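One letter stands for each residue in the lines below.
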Amino acid sequence: VDRLFEFIISQQSDDKEIVNKQLNNNINKIAWSFMTDLVFSHNDLLGGNILYLSDTKEIKFVDFEYGSYNYRAFDFANHFCEYAGFDCDWKKHFPDKDHIKQFVN
């Protein structure tokens, strides 16, 4: 983690000190370590592969043909990138922070 953070900081043209402070606080290091653990992942978590069963209030994931080990954060990141669609219109379709927080919680 430390080497990755050093690389990210070195790539900044200005505000290196601000980026350094943001990356190197304890919470970010813990979060980064958590997100980059290798776990079994779905790897295709688009909306059509998430089912909500209203009678039991359960969420089910289906279609695990791409399932394998990946970083813990991959399925979350990929899910939100899928919002942009085939035209990759990030500004129009990528969810805001409130939507992401609601999804994760």
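Scroll up to find the structure this text is about.
Residues numbered from 1 in each chain as written. Predicted model: local features only at pLDDT ≥ 70, side-chain atom pairs only at ≥ 80, totals over all residues. Heavy atoms only, no water.

(A) Main features of the pattern of salt bridges. Summed over the entire model, instances satisfying the criterion amount to two salt bridges. Salt-bridge contacts for R72 lead to D37; the nearest nitrogen and oxygen are separated by 3.0 Å. Taken as a pair, R72 in the loop between β4 (68-71) and α4 (74-82) and D37 in the loop between α3 (26-35) and β1 (38-41) lie far apart in primary sequence, 35 residues in all. R72 sits in the partly exposed class, given a relative accessible area of 27%. The residue K60 makes a salt bridge to E58 at a minimum N-O spacing of 3.9 Å. What makes E58 partly exposed here is its relative accessible area of 34%. (Salt bridge = Lys/Arg side-chain N within 4 Å of Asp/Glu carboxyl O. Helix = DSSP H or I, 4+ residues; strand = E, 2+ residues; numbered from the N terminus. Buried < 20%, exposed > 50% of the residue type's maximum accessible area, 1.4 Å probe, protein only.)

(B) Layout of unusual backbone geometry. Positive phi values are uncommon outside glycine, yet N43 reaches one of about 70°. Here N43 is to be found in the loop between β1 and β2 (50-53). Although it is not a glycine, K57 sits at a positive phi angle of roughly 55°. Note on placement: K57 falls in the loop between β2 and β3 (58-61).

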